[in-house]
Amino acid sequence: MGMSVTISVATEQDVEQIFRLQYLCFQSEAALYGNYRIDPLVQTLDSVRAEVASDCVYVARLGDEVVGSVRGRIAEDGAAAIGKLCVHPRLQGHGIGARLLRAAESALAEERGAKTFRLFTGHRSESNLRLYRRVGYETVGTSKGGDDGVPMIILEKPAGTYATTA
Ligand SMILES: CC(C)(COP(=O)(O)OP(=O)(O)OC[C@H]1O[C@@H](n2cnc3c(N)ncnc32)[C@H](O)[C@@H]1OP(=O)(O)O)[C@@H](O)C(=O)NCCC(=O)NCCS
């Protein structure tokens, strides 16, 4: 990749940029489902701030600009729930999403003892499903979704399974 996009742990200073970026990135998902109440679009700035303080949150940076983000945390059953993966529309398709995912997985396994990673994606989000399957996730079930009612596909993979592709 010609651009030097770096992946690092998100800090308090990144909160507003993450908030704005996810609002921009998830417009395409909202349009796909005709639903603008999906979680990443209705999350408050304070809620993003709380996640940055407590969860494993990574950002992709191009200079001073946050161009990608992902969060992960240990869920009640001990699996690591990874979510809100997003990359700025103009920079998608260069492997940044896969790099963010790998950073979150490594931190969750090494720092928080995750044995399994879990992801949700909308049932019609084909490119997301392709990305997740390519890096080793398999469908384990479906869910009716939360308040937004969008049917979700649940994918998991055991920790220690790493993608071989860039
Ligand atoms: C999902 C999302 C984070 C992926 O980010 P990304 O940076 O585009 O992801 P990647 O570049 O790693 O992979 C995307 C595609 O680019 C391809 N790609 C990766 N590196 C590449 C490279 N160097 N050259 C050409 N293509 C490349 C991948 O093979 C993949 O192709 P596919 O769609 O045919 O499977 C991004 O599309 C996004 O923000 N979407 C909106 C929000 C969303 O739906 N998030 C997921 C919620 S579950």
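Counting restarts for each chain, with residues numbered from 1 along the sequence as it is written. Restriction of local features to residues with pLDDT of at least 70 applies here, the model being predicted, together with a cutoff of 80 or more for giving and counting side-chain atom pairs; totals for whole chains, interfaces and linings are based on all residues. With hydrogens and water set aside, each side-chain value is computed from the structure's full complement of heavy atoms.

Peer 1: Got a sec to walk through the pairing of strand S5 (residues 116-122)? Specific residues and values, please.
Peer 2: A regular strand places its side chains so that they alternate between the two faces of the sheet. With respect to burial, S5 is a largely interior element, five of its seven residues being buried. In this description, strands pair whenever DSSP reports at least two bridges between them. Per the convention used, a helix needs a DSSP run of H or I reaching at least four residues, while a strand needs a run of E reaching at least two, with both numbered from the N terminus. As judged from the three bridges shared by strand S4 (residues 80-87) and S5, these two strands associate in the parallel manner. If you follow Ala81 over to S5, its bridge partner there is Arg118. Between S4 and its parallel partner S5, the chain crosses via helix H5 (residues 96-112), and the hand of that crossover is right-handed. Two strands pair when backbone bridges link them, and S5 and strand S7 (residues 152-158) are joined in this way by seven bridges, in the antiparallel orientation. Each bridged residue has a counterpart across the sheet, and for Phe120 the counterpart in S7 is Ile154. Using a 1.4 Å probe on the protein chains alone, a residue whose accessible area is under 20% of its type maximum counts as buried, one over 50% counts as exposed, and one in between counts as partly exposed. Handedness of a crossover is defined as follows: with both strands directed away from the viewer, a clockwise route from the first strand across the helix to the second makes it right-handed.

Peer 1: Give me the lowdown on the site of the ligand, citing residues and values where you can.
Peer 2: Residues are labelled near a given molecule or strand when at least one of their non-hydrogen atoms is within 4 Å of it. Contacts to the ligand come from 22 residues, most closely from Leu85, Gly93, Gly95, Gly97 and Arg134. Any pair of nitrogen or oxygen atoms within 3.5 Å is treated as a polar contact; in protein, a donor-acceptor pairing is required on top of that, and neighbouring residues in sequence qualify only through side-chain atoms on both sides. At 2.9 Å from an oxygen atom of the ligand is found a main-chain nitrogen or oxygen belonging to Val87. Between Arg130 and the ligand, the recorded distance is 3.1 Å, taken from a side-chain N or O atom to an oxygen atom. Calculation on the ligand without its partners gives an accessible area of 940 Å², and the protein chains cover 72% of this total. Sorting the residues of the shell around the ligand by element identifies helix H2 (27-33), S4, H5, S5 and helix H6 (126-134) as the ones contributing at least two each. The greatest single-element share of the shell around the ligand, amounting to six residues, is contributed by H6. Its residues assigned to classes, the shell around the ligand shows ten nonpolar, nine polar and three charged. Each accessible area value is a Shrake-Rupley result obtained with a 1.4 Å probe; residue values ignore everything except the protein chains displayed when judging cover. Ten residue types, Ala, Val, Leu, Ile, Met, Phe, Trp, Tyr, Cys and Pro, are classed as nonpolar, four, Asp, Glu, Lys and Arg, as charged, and the remainder, Gly among them, as polar.

Peer 1: Explain the packing of helix H1 (residues 15-25) against helix H4 (residues 45-54) residue by residue, including any values.
Peer 2: To get an axis, fit a line to the C-alpha atoms, keeping to the stretch in contact for a helix; angles then go from 0 to 180 degrees between the N-to-C directions. Closest axis-to-axis distance for the H1/H4 pair is 9 Å, and the angle between their directions is 120°. Relative to H4, the element H1 lies oblique. Between H1 and H4 lies a crossing whose hand is right-handed. Every residue of H4 that contacts H1 at Val15, Glu16, Ile18, Phe19 and Gln22 is listed here: Leu45, Val48, Arg49 and Val52. In the contact of H1 with H4, the residues fall into six nonpolar, one polar and two charged. Roughly parallel means an angle under 35 degrees; roughly antiparallel, over 145; roughly perpendicular, 65 to 115; everything else is oblique. Whether a crossing is left-handed or right-handed is set by the direction in which the near helix is turned from the far one by less than a right angle, anticlockwise for left-handed and clockwise for right-handed. A contact between two residues is defined here by any heavy atoms of the two lying within 4.5 Å.

Peer 1: Let's hear about the sheet that holds S5: which residues, and what values?
Peer 2: The sheet built from seven strands is open, its strands ordered S1-S2-S3-S4-S5-S7-S6 with mixed pairing. The open sheet is flanked by strand S1 (6-9) and strand S6 (138-143), the only strands paired with a single partner. On average, each strand axis in the sheet is inclined to that of its neighbour by 25°, with strand direction left out of account. The sheet contact formed by strand S2 (residues 56-62) and strand S3 (residues 65-74) spans seven bridges and is antiparallel. In the sheet register, Cys56 faces S3, and the bridge partner there is Gly72.

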